[in-house]
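If you want the building blocks of each chain, they are given just below.
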Amino acid sequence: RYDDRYFVYEKENDELFFDLMVKGLKDIRFESLERTLPEPKTALDIGCATGMLLQHLREKGWKVHGVEICEPAARFGIEHRHVPVSIGTLEEAAFPDRYFGFVHFSHLIEHLTDPRSFLKEVYRVMRPGGYLVVVTPDTYGLQARLFQERWRSAIADHLHLFSRTGLRRLLREIGFEIRSFRTWGGIAAGIVPVWIKKPLDIGAKIFRYGDVMLFLAQRS
């Protein structure tokens, strides 16, 4: 299913998705973290789509690599953004042990058949002290509890949906230490008037009932 149609979807939305990723990184003060990492700064974006985040980090001086299962999207990143992308899964990329100082994946872990094995591989390729950013829907969020089986993330493509408690526990079991947690997205656009949506979205960040969660974790 990760074919030309999926690539079109990614390409049409890459600016939006990139903007959301950058906002998430800003929320955890990523620029301050950058200064704590040793040189060379190495970053891996798993499920990198067309490679916008990789291009952004490379322009800041990072040595970057991506992994993407959708071949047309990966080819676009390679040929148009000139970033290195391994086509296939993380395991197939076979990166060296303890190589990356920063690993990022957004809206990916919920699609995997074996999240635990995947996180073990992430742990293997990360440097000790390196940082991991995970973004995924939150079953504890307001929208999940309000809409239940009609929640927009309750779809067949999402094989594993996590609560914040469950994902925190899994990360710790693998060997990561949790450094920060954020949520955003109070209510989806079009469900309520803008004058209601705006304060709900603000409250989602303050009171942590957002539709999407971000964990910043550190490899022990």
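See the structure shown above.
Residues numbered from 1 in each chain as written. Predicted model: local features only at pLDDT ≥ 70, side-chain atom pairs only at ≥ 80, totals over all residues. Heavy atoms only, no water.

### Focus: the packing of aromatic side chains
The description of two aromatic rings rests on the distance between their centres and on the angle between their planes. Convention followed: Each Phe, Tyr or Trp ring, with Trp reduced to its six-membered ring, pairs with another whose centre is within 6.5 Å; inter-plane angles below 30 degrees give stacked pairs, above 60 give edge-to-face pairs, and intermediate values give tilted ones. For the purposes of this entry, the term helix denotes a DSSP run of H or I that reaches at least four residues, the term strand denotes a run of E that reaches at least two, and both are numbered from the N terminus. Burial classification: accessible surface area is computed with a 1.4 Å probe over protein chains only, and a residue below 20% of its type maximum counts as buried, one above 50% as exposed, and the rest as partly exposed.
By the definition in use, this model includes 11 aromatic pairs. A ring pair is formed by Tyr6 and Tyr9, whose centres lie 6.2 Å apart and whose planes are at 40°; its orientation type is tilted. Here Tyr9 and Tyr6 lie together in helix α1 (residues 4–27), a separation of three residues that amounts to about one turn. Here Tyr9 falls in the partly exposed class, since its relative accessible area comes to 43%. For the pair Phe7 and Phe76, a centre-to-centre distance of 5.9 Å together with 45° between the ring planes defines the contact as tilted. Separated by 69 residues along the polypeptide, Phe7 in helix α1 and Phe76 in helix α4 (residues 71–80) bring together distant segments of the chain. Phe76 shares its class with Phe7; the two are buried.

### Quick look at the packing of α1 against α4
Rule in force here: Fitting a line to C-alpha atoms yields each axis, with helices limited to the stretch in contact; the angle taken between N-to-C directions then spans 0 to 180 degrees. Every angle not falling under 35 degrees, over 145, or within 65 to 115 is termed oblique; those three ranges are roughly parallel, roughly antiparallel and roughly perpendicular. In this description, contact between two residues means that some pair of their heavy atoms is separated by no more than 4.5 Å. In the scheme used here, Gly and all other residues not listed as nonpolar or charged are polar, with Ala, Val, Leu, Ile, Met, Phe, Trp, Tyr, Cys and Pro taken as nonpolar and Asp, Glu, Lys and Arg as charged.
With their axes 7 Å apart at the nearest point, α1 and α4 run at an angle of 50° to one another. With respect to α4, the element α1 is oriented oblique. Contacts between α1 and α4 pair Asp4, Phe7 and Lys11 from the former with Pro72, Ala73 and Phe76 from the latter. When its residues are assigned to classes, the contact of α1 with α4 shows four nonpolar, no polar and two charged.

### Topic: the sheet that holds strand β1 (residues 42–46)
We count it as follows: Two strands pair if DSSP finds at least two bridges between them.
The mixed open sheet is built from seven strands, whose spatial order is β3-β2-β1-β4-β5-β7-β6. On the outer flanks of this sheet lie β3 (85–87) and β6 (176–184), each paired with one strand and no other. Neighbour-to-neighbour, the strand axes of the sheet open up by a mean angle of 15°, direction not taken into account. Across seven bridges, the pairing between strand β5 (residues 126–137) and strand β7 (residues 212–219) is antiparallel. Paired with Val135 across the bridge in β7 is Leu214.

### What to know about the nonpolar core
One broad rule of soluble globular proteins: the nonpolar side chains tend to lie buried together. Formally: For this analysis, a nonpolar core means a set of buried residues of the types Ala, Val, Leu, Ile, Met, Phe, Trp, Tyr and Cys, connected via side-chain atoms within 4.5 Å.
Membership of the largest hydrophobic core comes to 28 residues, with the highest contact counts inside it found for Leu44, Ile46, Val103, Phe105, Val122, Leu132 and Phe176. Of all the secondary-structure elements, those providing two or more residues to this core are β1, β4 (100–106), α6 (115–125), β5, α8 (164–174), β6 and β7. Element by element, the count of residues in this core is highest for α6, at five residues. Sequence-distant contacts of Val122, defined by excluding residues within four places in its chain, comprise Ile46, Leu90, Val103, Phe105, Leu132 and Phe176. Of all hydrophobic cores here, the second largest spans 26 residues; its members include Met21, Trp62, Ala74 and Val212.

### As for the packing of α1 against helix α3 (residues 52–59)
Here α1 crosses α3 at 50°, and the two axes come no closer than 9 Å. Between α1 and α3, the crossing angle belongs to the class labelled oblique. Across from Asp14, Glu15, Phe18, Met21 and Leu25 in α1, the residues of α3 making contact are Met52, Leu53 and His56. Residues of the contact of α1 with α3, tallied by class, amount to five nonpolar, one polar and two charged.

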